[in-house]
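Observations on the model geometry
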Amino acid sequence: MRVLKLVVWDLDETILTGILEEGDEEVNPEALRIVEQLDKRGVLQALATQNSPDIIPMAEAKFDWFKYFVHKEADWSPKSRKIRRILSELEISPLDTLFVDEDAFERDSIVAQIQDISAWTLSELKSYLDKADTSVTEESQLRPQMYREQKSRLEEQNASQDYEDFLRSCDIEIFIRPYEPQDALRVEELLTRTHRMNLGVLPVEEAIERLNQSKENHVLIAEIKDKYGDMGRSGVLHLRPNDSENAAIESLAISCRTKARGLSLAMLVGLLRHPDARFQEYHCRYIFNGTNRPLRMLLTAAGFKPERGTDELTLRAERLLRVDLPEWIALTYLPESR
Amino acid sequence: MNVKASQIAEDDSLFSTNKAFDSFALLELVLRLEEAFQMNIPDEDLDPDVFFSINTITAYICDKLERGG
């Protein structure tokens, strides 16, 4: 397992002590404690159960703890298919996903069918949590809530007649400001957990060390909010000046939840146009890490040109100024955190 | 997106004309081009001047096909 982003739970004889269909509604207190603990840590949780789909509205009405699951799949299809739907809906890799089931056959079956997923018992998950680092950023703690807000956003979007009208109604705001010491944990989280929009040229430890080193380094943070909620600190850019005119991008990470609506481009352009980052030329190296092709596209969209025969790209500032930002995004530069 | 193909002029900048054509739309476009023309578009060809407009993309694809994809 790479980073624990999602836990998919079995229901009968895992969260419940018995089988729901047989009338056994008693919850396993240890399982419930773990569910609550995971939610506080910002780990998303979903449910995949061999039960009639009718149980979902029933359980939502009856069990308060059902609210912790951001996605629920209940039907008679193979469990592996349900889990794949969950991964697809939440856009989370099996590498960052844990399946919990007290039945060894089920665990082994899922691992055999879904490459890279982990499958543990309750007791193994408890041991992991007991040993895991407990420091959690505010953004992480709110992650499950943000996914529920994202669902509302998508439901409204689907109902909207005109996508651009819908975007304008979202009141999307991006705030760009200099890095502050209290951002350290969130920046480390962004550099560790972001895969698709992460330059990732440096190992995370080295990236953090370089970021903290010289006063001349320019580190900028992007925060996002819209009418559905505050997504908090969603992007980081670390520039290392080569001289007064040129800078190298040492680190760049943009949270994947911003993938829709042109936000990623607006964030990157906003970061590079910050008054602290007014260079004539920007250079970066791009190395494919298996999942960060979206970032390569983002760099193209911002105007970065590849240097043939190398893994380097260059952006001239005048080109950056020509990038139009969508009118449905308000960009504000702040001198410090909100 | 509610933009018809007929609304995009061949020389229009894709990123300016349709501001919801973002980097993920570019990724999807590149993947579809690779599939449709049975070619690989390497990262070093992901140049903003190539993927600027319908005309520049067309010229790139034609050139690549002539050179054997």
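Rules of the game
- Residues numbered from 1 in each chain as written.
- Chains lettered and ligands numbered in written order.
- Predicted model: local features only at pLDDT ≥ 70, side-chain atom pairs only at ≥ 80, totals over all residues.
- Helix = DSSP H or I, 4+ residues; strand = E, 2+ residues; numbered from the N terminus.
- Rg over C-alpha atoms; globule rule 2.2 N^0.38 Å.
- Contact = placed C-beta atoms within 7 Å.
- Buried ≥ 20, exposed ≤ 12 C-beta atoms within 10 Å, placed from the backbone.
- Pairing = 2+ DSSP bridges.
- Axes fitted to C-alpha atoms, helices over the stretch in contact; angles between N-to-C directions.
- Parallel < 35°, antiparallel > 145°, perpendicular 65-115°, else oblique.
- Left-handed = near helix turned anticlockwise from the far one by under 90°.
- Nonpolar A, V, L, I, M, F, W, Y, C, P; charged D, E, K, R; others polar.

**Some remarks on the overall build of chain A**
From N to C terminus, chain A includes 14 helices and 13 strands. Here the C-alpha radius of gyration of chain A, 22 Å, is about what a compact globule of 338 residues would show, namely 20 Å. Seen through its principal axes, chain A has C-alpha atoms that stretch 70 × 45 × 40 Å. A separation of at least 24 residues holds for 68% of the contacts in chain A among residues at least 6 apart in sequence.

**Examining unusual backbone geometry**
Most peptide bonds take the trans configuration, and most residues that are not glycine carry a negative phi. All names here are of chain A. For Glu13, which is not a glycine, the phi torsion comes out positive at approximately 60°. Along the chain, Glu13 turns up in helix 1 (residues 11–15). With 16 C-beta atoms packed within 10 Å, Glu13 lands in the partly exposed category. Residues other than glycine seldom take positive phi values, yet Asp171 does so here, at roughly 55°. Among the structural elements, Asp171 can be located in the loop between helix 9 (163–169) and strand 6 (172–178). Residue Asp171 is classed as partly exposed on the basis of its C-beta count, with 13 C-beta atoms lying within 10 Å.

**Considering the sheet that holds strand 2 (residues 44–50) of chain A**
All names here are of chain A. Here five strands make up an open sheet; going across it, the order is 3-2-1-4-5 and the pairing parallel. The outermost strands of the open sheet, each flanked by one partner alone, are strand 3 (69–75) and strand 5 (118–120). Here the strands of the sheet are splayed against their neighbours by 20° on average, with no regard to which way each runs. Taken together, the three bridges between strand 4 (residues 97–100) and strand 5 define a ladder with parallel strand orientation. Note on strand 5: the bridge partner recorded for Val100 is Trp120. Seen against the sheet, helix 4 (residues 79–90) touches strand 1 (6–9), strand 2, strand 3 and strand 4 and runs at an angle of roughly 155° to strand 2.

**A closer look at the sheet that holds strand 7 (residues 218–226) of chain A**
Residues and elements named next belong to chain A. Judged by pairing direction, the sheet is mixed, and its eight strands sit side by side in the order 11-12-10-9-8-7-6-13 without closing on themselves. At either margin of the open sheet sits one strand with a lone partner, and together these are strand 11 (305–306) and strand 13 (329–333). Sheet topology note: the strand 7/strand 8 (residues 229–241) ladder contains nine bridges and is antiparallel. Considered in strand 8, the bridge of Ala222 is made with Gly235.

**Some remarks on the packing of helix 12 (residues 263–272) of chain A against helix 13 (residues 293–302) of chain A**
Residue and element names in this part refer to chain A. Interaxial distance between helix 12 and helix 13 falls to 10 Å at its minimum, and their mutual angle equals 60°. Regarding the angle of helix 12 to helix 13, the classification is oblique. Judged by the twist between their axes, the crossing of helix 12 over helix 13 is right-handed. Side by side, helix 12 and helix 13 meet where Ser264, Leu265, Leu268 and Val269 of the first sit next to Leu298, Ala301 and Ala302 of the second. Of the residues belonging to the contact of helix 12 with helix 13, the class tally is six nonpolar, one polar and no charged.

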